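The residues making up each chain are set out below.
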Amino acid sequence: MFEVAGRTDFWNIGYPLLGAIVYLIAPISIAFIAYGLYRRIQFWRLGAEYDELGSHGERVREFLRTGAFGFGGHGKFHPRRERYASIMHFAIFWGFAVLLLATTIAAIEFNFEEYLGVNFPTAYFRLQTSFIWDVFGGVLALIGIAMAYWRRYVVKPDRINSFADDSVILAYLLLLVITGFALEGLRIGATELNPNSDLYAPTDALWSPVGWIFAKLFSAMGISPDAMTSLHKALWWSHAAIFAVGLAYAAISFSKLSHIIVSSLNIYLRPLRPRGALKPMGDFETLESFGASDLKDLTWQQMLSYDACTNCGRCQDNCPAWASGKPLSPRKVIQDMRGYMEQRAPEVFGAHALGEPAPSPSTSMVSEAIGEEVLWSCTTCAACVEACPVGISHIDSIVDMRRYLMLEQASAPDTAMSALQSMEQRGHPWSGTALTRESWLEDMDDVPTIDVNPNPDVLFWVGCSGALVERGVSVTRAMASVLKKANVNFAVLASQETCTGDPARRMGNEYLFQILAGQNIETVNGYGIKTILTTCPHCFNTMRNEYSQVAESLATDWNVEVLHYTEFVDRLISEGRLKMSDKESVTQRSANGGGGCGSVTYHDSCYLGRHNDIYDEPRNIANAVAGIELSEMSQCRSRGFCCGAGGGRMWMEESGTRVNHIRTDHFLETDAETVAVSCPFCLQMFEEGIAAKGQQDNKRARDLIELVDEAS
Ligand code: SF4
Ligand code: SF4
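Residues numbered from 1 in each chain as written. Chains lettered and ligands numbered in written order. Predicted model: local features only at pLDDT ≥ 70, side-chain atom pairs only at ≥ 80, totals over all residues.

1. Concerning the overall build of the protein chain
Rules: Here a helix means four or more residues in a row that DSSP labels H or I, a strand means two or more in a row labelled E, and each is numbered from the N terminus. Partly exposed residues are those whose C-beta has more than 12 but fewer than 20 other C-beta atoms within 10 Å; with 20 or more the residue is buried, with 12 or fewer it is exposed, and the C-beta atoms are placed from the backbone.
Scanning the protein chain for helices and strands turns up 27 helices and seven strands. Once the C-alpha set of the protein chain is aligned to its principal axes, its extents read approximately 105 × 70 × 45 Å. Taken across its 712 residues, the protein chain has 45% of its residues classed as buried.

2. Side note on the nonpolar core
For clarity, the cut-off: Here a nonpolar core is just a set of buried residues of the types Ala, Val, Leu, Ile, Met, Phe, Trp, Tyr and Cys, joined wherever their C-beta atoms sit within 7 Å. It is the C-beta atoms, placed from the backbone, that decide contacts: two residues are in contact if theirs lie within 7 Å.
Formed by 144 residues in total, the largest nonpolar core has its most connected members in Phe460, Val569 and Phe686. With near-sequence residues (within four places) excluded, Phe460 lies in contact with Met479, Ala480, Leu483, Phe490, Val492 and Leu533. Listed in part, the 17 residues of the second largest apolar core include Ile92, Val98, Trp133 and Ala141.

3. Description of the site of ligand 2
As a reminder, the rule being used: For each residue, a C-beta position is placed from the backbone atoms; the residue is near a molecule or strand when that point lies within 6 Å of it.
Around ligand 2 sit 15 residues in total, of which Cys309, Cys312, Cys315, Arg331 and Cys388 are the nearest. Mapped onto the shell around ligand 2, the elements with two or more residues apiece are helix H11 (314-318) and helix H13 (330-353). In terms of residues, the shell around ligand 2 owes the most to one element, H13, which gives three residues.

4. Overview of the site of ligand 1
Worth spelling out the cut-off: Each residue is assigned to one of three groups, with Ala, Val, Leu, Ile, Met, Phe, Trp, Tyr, Cys and Pro labelled nonpolar, Asp, Glu, Lys and Arg labelled charged, and all others, Gly among them, labelled polar.
With respect to spatial proximity, 15 residues lie near ligand 1, and among them Cys319, Pro330, Cys378, Cys381 and Cys384 are the closest. Its residues assigned to classes, the shell around ligand 1 shows eleven nonpolar, four polar and no charged.

5. A look at the domain arrangement of the protein chain
Here is the rule: Domain ranges listed in this record stem from an automatic or a database domain assignment.
Each assigned domain of the protein chain is listed with its residue range as follows: domain 1 (50-267), domain 2 (276-407) and domain 3 (415-710). The centre of domain 1, based on its C-alpha atoms, is set 53 Å off from the matching centre of domain 3.

6. A closer look at the sheet that holds strand S7 (residues 700-703)
Under the convention used in this document: Criterion used throughout: strands pair if DSSP finds at least two bridges between them. Convention adopted: a line fitted to C-alpha atoms gives each axis, helices being fitted over their contacting stretch, and angles between N-to-C directions are expressed from 0 to 180 degrees.
An order of S5-S6-S7 is seen for the three strands of this open sheet, with the pairing classed as parallel. Strands at the two margins of the open sheet, each flanked by one partner only, are strand S5 (600-602) and S7. Put simply, the sheet's adjacent strands are angled 30° from each other on average, direction ignored. The pairing of S5 with strand S6 (residues 674-677) spans three bridges and is parallel. Of the residues in S6, the one forming a bridge with Tyr602 is Ala676. Packed on one face of the sheet, helix H26 (residues 680-692) meets S6 and S7 and runs near 170° to S7.

7. Section: the packing of helix H3 (residues 83-116) against helix H4 (residues 126-155)
Put simply, the test is: By the definition used in this description, the sense in which the near helix is turned from the far one sets the handedness, with an anticlockwise turn below a right angle giving left-handed and a clockwise turn giving right-handed.
Running from amino to carboxyl end, H3 crosses H4 at an angle of 145°, the nearest separation of the two axes being 7 Å. Crossing geometry of H3 relative to H4 is assigned as left-handed. The residues of H4 that touch H3, namely those facing Tyr84, Ile87, Met88, Ala91, Ile92, Trp94, Gly95, Phe96, Val98, Leu99 and Ala102, are Trp133, Phe136, Gly137, Gly138, Leu140, Ala141, Ile143, Gly144, Ile145, Met147, Ala148 and Arg151. Its residues placed into classes, the contact of H3 with H4 shows 18 nonpolar, four polar and one charged.

8. Notes on unusual backbone geometry
Here Asp613, not a glycine, exhibits a phi torsion of approximately 60°, which is positive. By secondary structure assignment, the location of Asp613 is in the loop between S5 and helix H24 (616-624). Residues other than glycine seldom take positive phi values, yet Arg637 does so here, at roughly 50°. Inspection of the secondary structure puts Arg637 in the loop between H24 and helix H25 (659-668). Classification of Arg637 as partly exposed rests on a count of 15 C-beta atoms within 10 Å.

Here you go:
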């Protein structure tokens, strides 16, 4: 065997007898982890089937796209604004990954030499690899741990909850690194820096700079090389024991450390349907109960996702309901669901062991574990989903429980109930409106209804707000006017249109949603429509992302391209089909509140932006209007703050601070005179907010399509 320079593996450990024991630590630790995971899998198996597993090929691709990036730099999981947390996680994760690699390679090198009589290739570079393990392993991990301590106990951001488990884990990681460095220092002090040792090699010692510093410190403390040898042996076994006990603790308590495994699993298994599509509820004919009131009503993937939560608080930080003082914190919902699962699962197992059916929960999931007011506070804006680093879908669980309240308990806020009643009886949620679906057509020339033009290229879907709300009507007229200017062959359904069912679905009334969606699918398919254009992002989202679910359950097709006008008009402008004036008259705001806009900022609707990734098109349109130079609010694009009207909240009373008033403040913080929107709900919310702030003479809200109409 070729002799290589460098350190002796298992120096001072007494191989083969004692050294061999170390190899037991790995399988024991793996067994503990496997047992901890097995217990948890038993919990998850109490959930319902997960019908959305689909193709693993797609999942692997998606995981590599997001996961690989995450492990590479936690880049996807920690956006730029989370730079501190990003560096901290990177340092801890990669520091310990390198240390684990170092331990594994040391074991391989040893066994190659001992049993095969050959050197593993890395053995020729033992000194150089020592440097890598020391600096890119131990030092990196130590930096990450120090950053975590600083953040958790000195900076203490509001969103960080410190539980005992967090302190135990940080202390455990710190102890592992410090005892590792101390071990290295004792070995170096007893051998490479000891002139009486056969292994004396002071220059080699410098390849482990931190170990060298520790060795010098021990020496300065008057510890002799012999004492260092004895201490080394004792500490070596302590270090190994700390490692094994820590892993056992993590596995049994299913502590935060388990997120390394479960969070990755959740990222792999999370629903891959479009974000704007709610979880399918299944066939009403075969369902035994509606919505979720217990573990059996949630999928096993949802239960797994509760275990994946790292309690980082980013969802809560971005939640408009939480920011406006509502009782909803998405973090708390997920943590409380996890708590419910931990309490409820043993009750069910106990009954199963006796061959009995599961008893009623000692604490109800809906109402007690998660309060009803919590559930009704959600705007389904997806800020939490966007922010979550481990791919949890909070909205699915919230809507599942709303479905239970609505369909099993007939329990919902009164105002929501009357909107639903109106949808059921009149096909729209605006009870009390004096307008009809055809009122807006009265003084418009040449707007073809489907009866007049049964073969349009594009069906302009006007929507309930566009037809039945005064302010929405002017947006609808502007849209029709733009379509005419661009010579688009279009038609409207007029009285044949009914509500898309979006508010019903988000309020939990899946039954009503499916009826309304079914009617619309039949109407649209009946005319052979291939393209639908909407002004409302909610109509757009539900028809683009959810109607295929309904069509499937009706055993029919839904092969319709659904576009929001921002996409369509952007295309018209870039293809030269819609000519924009080069006069800057639109930016000259008229004093009487008529046309014009002055300086402009843009508000991203949640259902266009976060739910459908449409950020650039509205900005392209705004910038195509001569004279407009868009400014941005502090929270924009994927961080855009909700207007407060989604998820059926438009029809619910709001107590305390109103979400739209917070968003209006964001607008008022800019120098812009106009906030441009591309959603009828946002428009109403901003107009109310501006009036409530007494700013109606200086500031205004306008839909982008109104500006395009004036500028084309
Ligand atoms: S969807 Fe929006 S309102 Fe609902 S919990 Fe998430 S962040 Fe909060
Ligand atoms: S749900 Fe996601 S974002 Fe919220 S605390 Fe848990 S891991 Fe963090």
